[in-house]
Amino acid sequence: MSLVLKGIHKQFDNNEDATLNDINLEIETGEFVCIVGPSGCGKSTLLNLVAGLETPTIGQILLDGKPITGPGSDRTVMFQEHGLFPWLNVIENVKFGMKMSGVPKEEQERKALHYLEMVHLLDYKDYLIHQISGGMRQRVALARALTMDSKILLMDEPFSALDRQTSNQLREELQRIWMETKRTIFFITHSVEEAVYLADRVVVLSAKTGKVADIIPIPFDRPRQVYDPDFVEYRHRILDEVRKESTL
Amino acid sequence: MSIFIFLILLIFLWQGFYWVFVDLLEVFKPYAVPSPLGVGETFIELCQDGTLFEATGYSLLRGIGGYLIAVIIGVIIGLLINHFSYLQKNLKPLILGIQTLPSVCWVPFSILWFGLSTQAILFVVVMGSAFSIAISVDNAIKNVQPIYTKAARTMGATKRQLYFHVILPASLPELISGLKQGWSFAWRALMAGEVMTTSIGLGQTLITGRDLADINQVMLVMIVIVFVGIVIDKCIFSVIEKRVLRKRGLL
């Protein structure tokens, strides 16, 4: 068992209603879990709590049995906006986290090149961030996150700021990389299709109650086909649930 | 290039004005109006006896010295008011207030403390620019996009690493423009200090010009002061600024 959320409540000072209300969730090592839900349901808040960027009002989050008290490299986050540093070039960005945790130089180089190859950006390693496209930037961010060997990778709508074609292409690559590396991934998205495509289990959060409305295991083998009738049926079913849980 | 042509045109106009209104029509007295030729003559004179180089050299030395002290003090104050919310709330408004004080107002105070000495001038320079540097350091750090520090923290960066590997480089463009502005304040404060005291420098050369009723010398020194200011800005600050901005694709 990798990540355990126990009775998580999160309430913000300026808001009477709790954003998150008694969230209980267990994520296995090597599992790919997607969180979906209508806007305002607290998806990103949940991720920030797991990342340690915010603390729950009530409840506890355990990673391998240890409570989470703050941010740490065992829970690297990939953000919607890439969060790359414009004063560093591509490979320096990929090495950043390893440098912070004191990984030896040769090891940094080796791993950076390895993951840059995995995201097909080896030829761009010396480019500056402003010289590459939005999709490439997210790949760099992915490579950077992968170098951290985190126990769990947190992804906060990483493809939602990209155009549809790029975002589809990147999720295919993420699926491939997940199949190769078998990381534990906690993935927030507003796209149900993306969730059904990627996840082992899809967690639907409710904006009405702030609770987990449903957890749906996705039984399909990978690589998945978006136009498969079963896939489409799952997508519609979950989409209906998400709509039901919307406050709009 | 076009600016040089413009300047030459301006000088010709200026000289033409002098010929017409001073030499020909005698509307103005010669001692009241400087002329390009007169300024040129004074320039050659003051270069030959070395006065101009000496004065510029001393002024630059004091300016740079005072500025470096101001940078150190300003950065420390800036970091402090950024780090402690108590200081942010209570000290920063005060600093913003002091910053509006024209640097020449520090001169009497400075003379009472240090006499007519170099220290007195340095004090005015430091007071004239340290606070503006402090404010820009604070603002530069505040304007660092939260995503950068968030990303670094989730990769396990410590507080110290955050400062050196994220906040410093992220705030660099704004920091440099703050330091550049600090220099222009320092240079102005220096002139205020030099004019009021008696050490060798451009400020004193300016005052000597007044005492000799030599308007060409006054004009020449003013031009030199502007020139030095521009040279430092273009040759140091702008070069660094451009390099930093280009790397980030902001230029």
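Residues numbered from 1 in each chain as written. Chains lettered and ligands numbered in written order. Predicted model: local features only at pLDDT ≥ 70, side-chain atom pairs only at ≥ 80, totals over all residues.

With respect to the overall build of chain A
Scanning chain A for helices and strands turns up seven helices and ten strands. A globule of 248 residues ought to have a C-alpha radius of gyration of about 18 Å, and chain A, at 18 Å, matches this closely. Projected onto its principal axes, the C-alpha positions of chain A cover 50 × 45 × 35 Å. When the 248 residues of chain A are sorted by exposure, 44% land in the buried category. Summarising the internal contacts of chain A: among those between residues at least 6 apart in sequence, 70% fall at separations of at least 24. (Helix = DSSP H or I, 4+ residues; strand = E, 2+ residues; numbered from the N terminus. Rg over C-alpha atoms; globule rule 2.2 N^0.38 Å. Buried ≥ 20, exposed ≤ 12 C-beta atoms within 10 Å, placed from the backbone. Contact = placed C-beta atoms within 7 Å.)

Quick look at the overall build of chain B
Secondary structure assignment for chain B yields ten helices and zero strands. Secondary structure elements in chain B, listed N-terminal to C-terminal, are α-α-α-α-α-α-α-α-α-α. Expected size for 251 residues packed as a compact globule is a radius of gyration near 18 Å; at 23 Å, chain B overshoots this value by more than 25%. When its C-alpha atoms are laid out on the principal axes, chain B stretches across 75 × 50 × 30 Å. Residues classed as buried in chain B amount to 35% of the 251 residues present.

Here we look at the interface of chain A and chain B
On the side of chain B, 14 residues touch chain A, which itself brings 22 residues to the contact. In terms of residue count, the dominant contributor to the side of chain A that touches chain B is helix α2 (residues 90-100) of chain A (three residues). Split by residue class, the side of chain A that touches chain B holds twelve nonpolar, eight polar and two charged. (Nonpolar A, V, L, I, M, F, W, Y, C, P; charged D, E, K, R; others polar.)

Considerations on unusual backbone geometry
Following Arg222(A), the chain continues to Pro223(A) via a peptide bond in cis, the omega torsion being -5 degrees. A positive phi angle, close to 55 degrees, is found at Ala213(B), a residue other than glycine. Residue placement: Ala213(B) occurs in the loop between α9 (202-211) and α10 (215-247).

Observations concerning the domain arrangement of chain B
Taken domain by domain, chain B comprises domain 1 (1-33) and domain 2 (37-247). Once you take the C-alpha centre of each, domain 1 of chain B and domain 2 of chain B turn out to be 33 Å apart. (Domains from an automatic or database assignment.)

Thoughts on the environment of Glu157(A)
All names here are of chain A. If you trace the backbone, Glu157 turns up in the loop between β7 (153-156) and α5 (164-181). Taking C-alpha positions, Glu157 is 4.7 Å from Thr189, a pair spaced 32 residues apart along the chain. Once residues within four sequence positions are removed from consideration, Glu157 is found in contact with Gln80, Ile188, Thr189 and His190.

Observations concerning the sheet that holds β7(A)
Residue and element names in this part refer to chain A. Spatial ordering of the open sheet is given by β6-β7-β8-β3-β9-β10, a layout of six strands whose pairing is mixed. Looking at which strands have only one partner, the edges of the open sheet turn out to be β6 (77-78) and β10 (212-217). Across two bridges, the pairing between β6 and β7 is parallel. Residue pairing across strands places Val77 opposite Leu154, the latter belonging to β7. (Pairing = 2+ DSSP bridges.)

Brief notes about the nonpolar core
A general trend in soluble globular proteins is that nonpolar side chains are found buried together. Counting residues in hydrophobic clusters, the biggest one holds 78 residues, and the most contacted among them are Cys34(A), Val50(A), Phe187(A), Ala199(A) and Val202(A). Apart from the residues within four sequence positions on either side, Cys34(A) is in contact with Phe187(A), Thr189(A), Ala195(A), Leu198(A), Ala199(A), Val202(A) and Val203(A). (Core = buried A, V, L, I, M, F, W, Y, C linked by C-beta atoms within 7 Å.)

Observations regarding the packing of helix α3 (residues 51-83) of chain B against helix α8 (residues 159-196) of chain B
Residues and elements named next belong to chain B. As a packed pair, α3 and α8 sit with axes 9 Å apart at the nearest point and diverge in direction by 130 degrees. Judged by the angle between their axes, α3 and α8 are oblique. The two elements α3 and α8 meet at a crossing, and its hand is right-handed. Counted together, Ser59, Arg62, Gly63, Gly66, Tyr67, Ala70, Val71 and Gly74 of α3 and Leu179, Gly182, Trp183, Ala186, Trp187, Leu190 and Glu194 of α8 form the full contact between these two elements. Partitioning the contact of α3 with α8 into residue classes produces eight nonpolar, five polar and two charged. (Axes fitted to C-alpha atoms, helices over the stretch in contact; angles between N-to-C directions. Parallel < 35°, antiparallel > 145°, perpendicular 65-115°, else oblique. Left-handed = near helix turned anticlockwise from the far one by under 90°.)

Observations concerning the domain arrangement of chain A
Residue and element names in this part refer to chain A. The domain boundaries assigned to chain A delineate domain 1 (3-76 + 150-244) and domain 2 (85-149). The straight-line distance from the C-alpha centre of domain 1 to that of domain 2 is 25 Å. Top element by residues in the side of domain 1 that touches domain 2 is α5. It accounts for five residues. A per-class count over the side of domain 1 that touches domain 2 returns seven nonpolar, five polar and one charged.

A closer look at the sheet that holds strand β4 (residues 58-63) of chain A
All names here are of chain A. If you trace the four strands from one edge of the open sheet to the other, you get β2-β1-β4-β5, paired in antiparallel fashion. Of all the strands in the sheet, the pair left with one neighbour each is β2 (20-27) and β5 (66-67). Both β4 and β5 contribute to a ladder of two bridges, which runs antiparallel. Each bridged residue has a counterpart across the sheet, and for Leu63 the counterpart in β5 is Lys66. Sitting on the sheet, helix α1 (residues 43-51) is in contact with β1 (3-10), β2 and β4, with an inclination near 120 degrees to β1.

Some details on the packing of helix α4 (residues 85-99) of chain B against helix α6 (residues 118-142) of chain B
Residue and element names in this part refer to chain B. In the contact formed by α4 and α6, the axes pass within 9 Å of each other and the chain directions differ by 135 degrees. Compared by their axis directions, α4 and α6 come out oblique. The handedness of the crossing between α4 and α6 is left-handed. Contact with α4, carried on its side by Lys92, Ile95, Leu96, Ile98 and Gln99, involves Phe131, Ser132, Ala134, Ile135 and Asp138 of α6 and no other residues of that element.

Concerning the environment of Tyr18(B)
Residues and elements named next belong to chain B. Within the element layout of this structure, Tyr18 appears in helix α1 (residues 2-24). For the pair Tyr18 and Pro34, spaced 16 residues apart in the sequence, the C-alpha separation amounts to 7.9 Å. When neighbours within four sequence positions are excluded, Tyr18 is seen to be in contact with Asp23, Val33 and Ser35.

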